[in-house]
Amino acid sequence: MPSVCLYFEVHQPYRLKPYSFFDISRDHRYFDERANREILRKVATKCYLPANRAILRLIDKHKGRFRAAYSLTGLAIEQLSAHAPEAMRSFQELGATGCVEFLGETYYHSLASVYDEADFVAQVRQHGNLMRQLFGQTPRIFRNTELVYNDRTGALVRQMGFDGVLAEGADDILEWRSPNFVYRATTPGLRLLLKNYRLSDDVAFRFSNRTWGEFPLTAEKFADWIHRIGGNGDVVNLFMDYETFGEHQWEATGIFDFLHHFPERVFAHPDWDFCTPSQAVERYAPVARLSFPRTVSWADVGRDLSAWEGNHMQRGAIRQVYDLVHNVKRMNNPETTDIWRKLQTSDHFYYMCTKWSADGDVHKYFSPYKGPYEAFITYMNVLTDFREWVLGGRSVESRSA
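### Notes on the overall build of the protein chain
So, step 1. Broken down by element type, the protein chain carries 19 helices and nine strands.
So, step 2. Taking 21 Å as the expected radius of gyration for a compact globule of 401 residues, we find that the protein chain reaches 21 Å, a close match to that expectation.
So, step 3. Along the longest, intermediate and shortest principal axes, the C-alpha atoms of the protein chain span 65 × 45 × 45 Å.
So, step 4. Counting contacts in the protein chain only where the partners sit at least 6 residues apart, residues at least 24 apart contribute 76% of the total.
So, step 5. Averaged over its 48 positive side-chain charges, the protein chain has a centre that lies 1 Å from the centre of its 50 negative ones.

### Side note on helix α8 (residues 197-204)
Residues spaced three or four apart along an α-helix point in a common direction, a consequence of the helix completing one turn every 3.6 residues.
So, step 1. Most of α8 sits out of view: seven of its eight residues are buried.
So, step 2. Residues of α8 that are buried in the fold lie against β5 (164-168), α7 (171-174), β7 (191-195), α9 (219-227), β8 (235-241) and α10 (255-267).

### Points about the pairing of β5
So, step 1. For β5, a buried count of five out of five residues is recorded, marking the element as mostly surrounded by other parts of the structure.
So, step 2. Residues G164, L166 and E168 point to one face of β5 and V165 and A167 to the other, with burial holding for every one of them.
So, step 3. Note that strand β4 (residues 141-142) and β5 share two bridges and pair parallel. If you follow I141 over to β5, its bridge partner there is G164.
So, step 4. Note on the crossover from β4 through helix α6 (residues 151-159) to β5: the handedness is right-handed.
So, step 5. The pairing of β5 with β7 spans five bridges and is classified as parallel. When the sheet's bridge partners are listed, E168 is paired in β7 with K195.

### Side note on the environment of I255
So, step 1. Mapped onto the secondary structure, I255 falls in helix α10.
So, step 2. Taking C-alpha positions, I255 is 47 Å from V390, a pair spaced 135 residues apart along the chain.
So, step 3. Sequence-distant contacts of I255, defined by excluding residues within four places in its chain, comprise V203, F207, T244, F245, G246, Q249 and W250.

### Things to note about empty space enclosed by the protein
So, step 1. Using the criterion set out here, one finds one cavity of 30 Å³ or more in the structure.
So, step 2. Of the pockets and cavities examined, the largest cavity occupies roughly 60 Å³.
So, step 3. For the largest cavity, the full set of lining residues is L6, F8, V203, F222, L238, M240, F245, F258, L259 and F262.
So, step 4. Classifying every residue of the lining of the largest cavity by side-chain character gives ten nonpolar, no polar and no charged.

### Section: the nonpolar core
One broad trend across soluble globular proteins is that nonpolar side chains are buried collectively.
So, step 1. In this structure, Y48, Y70, F91 and Y242 are the most contacted members of the largest nonpolar core, which totals 138 residues.
So, step 2. In terms of residue count, helix α1 (residues 33-61) provides more of this core than any other element does, eleven residues in total.
So, step 3. Look past the residues within four positions of Y70 in its chain and what remains in contact with it is Y7, F8, V10, N52, I55, F91, L94, V100, E101, F102, L103 and Y242.

### Things to note about the packing of helix α13 (residues 312-322) against helix α18 (residues 372-391)
How two helices sit against one another is set out by the angle between their axes and by the gap between those axes.
So, step 1. One can describe the packing of α13 onto α18 by two numbers: an axis separation of 11 Å at closest approach and a directional angle of 20°. By the angle class used here, α13 and α18 are roughly parallel. The hand of the α13/α18 crossing is left-handed. Contacts between α13 and α18 involve M313, A317, Q320 and V321 from the first element and P372, Y373, F376, Y379, M380, L383 and R387 from the second.
So, step 2. Classifying every residue of the contact of α13 with α18 gives nine nonpolar, one polar and one charged.

### Side note on the sheet that holds β7
So, step 1. In spatial order, the strands read β4-β5-β7-β6; together these four strands make up an open sheet with mixed pairing. Here the strands that pair on one side only, and so sit at the sheet edges, are β4 and β6 (182-184).
So, step 2. Examined bridge by bridge, β6 and β7 share three bridges and lie antiparallel to one another. Bridge pairing links R184 to R191 in β7.

### Regarding the side chain of D151
So, step 1. Relative to the assigned elements, D151 resides in helix α6.
So, step 2. Notably, D151 is buried but unbridged: the nearest opposite-charge side chain belongs to R289, and the N-O separation is 6.2 Å.
So, step 3. Within the structure, D151 has its side chain in polar contact with the backbone nitrogen of F292 (distance 2.7 Å).
So, step 4. Beyond its immediate stretch of four places on either side in the chain, D151 contacts T186, T187, L290, S291, F292 and P293.

### Overview of the packing of aromatic side chains
So, step 1. The final tally for this structure, using the stated rule, is 36 aromatic pairs.
So, step 2. Between the aromatic rings of F8 and F245, the centroid separation amounts to 5.7 Å while the plane-to-plane angle is 90°, which identifies the pairing as edge-to-face. With a gap of 237 residues between them, F8 in strand β1 (residues 3-10) and F245 in the loop between β8 and α10 connect regions that are remote in the sequence.
So, step 3. With relative accessibility at 3%, the residue F245 sits in the buried group.
So, step 4. Residues F120 and F142 carry aromatic rings whose centres are separated by 5.8 Å and whose planes lie at 85° to one another, so their mutual orientation is edge-to-face. With F120 in helix α5 (residues 117-135) and F142 in strand β4, this residue pair connects regions lying 22 residues apart in the sequence. Summarising the burial analysis for this pair, F120 and F142 share the class buried.
So, step 5. Within the aromatic cluster, the residues linked to one another by ring pairs are F66, F207, W212, F222, W225, F258, F262, F267 and F274.
So, step 6. Stacked on the ring of Y197, the Lys or Arg R303 has its end atom at 3.8 Å from the ring centre.

### A look at the pattern of salt bridges
So, step 1. On inspection of all chains with the given rule, the structure shows 29 salt bridges.
So, step 2. Between R303 and E168 there is a salt bridge, with its nearest N and O atoms 2.6 Å apart. Here E168 lies in strand β5 and R303 lies in the loop between α11 (277-283) and α12 (306-309), a separation of 135 residues in the sequence.
So, step 3. Overall, the relative accessible area of 11% leaves R303 in the buried class.
So, step 4. For E214, the salt bridge identified is with K221, shortest N-O distance 3.6 Å.
So, step 5. When salt bridges with common partners are traced through the structure, they connect R140, R158, D163 and E282 into a single cluster.

Parameters at a glance
Residues numbered from 1 in each chain as written. Predicted model: local features only at pLDDT ≥ 70, side-chain atom pairs only at ≥ 80, totals over all residues. Heavy atoms only, no water. Helix = DSSP H or I, 4+ residues; strand = E, 2+ residues; numbered from the N terminus. Rg over C-alpha atoms; globule rule 2.2 N^0.38 Å. Contact = heavy atoms within 4.5 Å. Lys, Arg positive; Asp, Glu negative; His and termini not counted. Charge placed at Lys NZ, Arg CZ, Asp CG, Glu CD. Buried < 20%, exposed > 50% of the residue type's maximum accessible area, 1.4 Å probe, protein only. Pairing = 2+ DSSP bridges. Right-handed = clockwise from strand over helix to strand, strands pointing away. 1 Å grid on protein atoms, 1.4 Å probe; cavity = no way out; pocket = protein on both sides within 12 Å on 5 of 7 lines; lining within 4 Å. Points joined across faces, edges and corners; volume = space filled by probe spheres on them. Nonpolar A, V, L, I, M, F, W, Y, C, P; charged D, E, K, R; others polar. Core = buried A, V, L, I, M, F, W, Y, C linked by side-chain atoms within 4.5 Å. Axes fitted to C-alpha atoms, helices over the stretch in contact; angles between N-to-C directions. Parallel < 35°, antiparallel > 145°, perpendicular 65-115°, else oblique. Left-handed = near helix turned anticlockwise from the far one by under 90°. Salt bridge = Lys/Arg side-chain N within 4 Å of Asp/Glu carboxyl O. Polar contact = N/O pair within 3.5 Å; in protein donor to acceptor, adjacent residues only side chain to side chain. Phe/Tyr/Trp six-rings, centres within 6.5 Å; stacked < 30°, edge-to-face > 60°. Lys NZ or Arg CZ within 6 Å of the ring centre and 35° of its normal.

Right under this line is the structure:
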C-alpha cells in the first residue's frame, strides 16, 4: 500500500529593526518587536488558525486515517506563545489527536550544521526539549533548516538518535532514481525521505499561477497524478511551508477547498493512505543506499547553499557571526547566546541574495527589505554593535544599565 507523506514547516524569524551606522554603540535592541508581532498575528489569522482547523476536521472526518507532520522552529513557538497563544494551542490540539508528528529541527532555524557542528547539536537538543515539553513527543525524524543535508549532517543526526531525516530529492543526487522510495543514508541505521519537489511545488508555488499549463489545480487532478506513481514508488513526500495555505496562496485562490478535498481524492484509490515520516521509515524498506557528497537544500534551481552564501555579502556576514562563537561561549550568558543564535537565523542571509530571474523573484517575495544591500547593511550594523559588546566581555544585563 503506497502512502502520501505530508510535512509542513512552521517558521517565523525575528526580523531586525531599521538600524543605522549611527545606532552602533547607542542602541542595543536589535529586533523589530512591532513588525514581528504584526506579521505573526497576520499569518496566524490567515494561515495557522484556519489551516489547523482544516487539518483537525480532516483527521476527524477520516477517523484518523489522515495524518501529517510538522516542524515548528523554536523562534516560531516563542512568537506564537507571545502574540497568538490561540494558534499555539491549536497546534497542541493537533498533537493530541495522535495523527500528527512533530519533527526535530534547529531551534533557531540556523545553518549551524554547515558552520558550527557543536552549536548545531546544542540547538537541535534545545528544540527536542521544547517538543517534549509542549507536545509530549520525542522527535524521531529530523528536518534540517532549509532541508540542508549532506553525508556529514547525516552522521551527526544519527549520533543524536534520529531514525530518519528529510532531504531534497535533488536530480543530480538521485540520477535515475525516484524520490518516491525510502533510502539508506551512508550512516548505518539512518533512513532518508526525499521531497518530491515537482509535486510539492505544484501546490506551494504554482497553485495560483494562471500562466501555468495545469492551472487550475484541482484535488482530483493532483490525486490522479499521485495515483499514477503506484507500482513505481512507496511514498510520495509532499514537503512545503505551512504558510502555503492562506498566506502564500490566499484563501481566495481556493487553496483551502483544495486541502479539504485532497485526502478524499487520495482515499478514492483503495491502495493509498497517508503516513507520518516515522511511519514511512518503519513501513517501507529502503531500496538502496544514497550518498549526498555535496550539500543540498530545497532552494532555487541549484538546490544548494547559494541562496544563503552565494555572494560576498552573505559569506562575509556568515563568517563574522560564527567567528564570535568562542567569545559568546566564554561569556556563558544565556541572553547573549540567545541573541547570537537569533543572528544565525538563515532568513537574514536569504534577504541578502542577489540572484535574478525566477530565483530572485522568490527572494524578493520573502524579504522585508527594499533590496539585498539594505538587508546586508542593516545586519552588519547590528552585528558590529553586538560584536563590540561580546568582545568587550560585557553581558546583556550590563548593556541595559
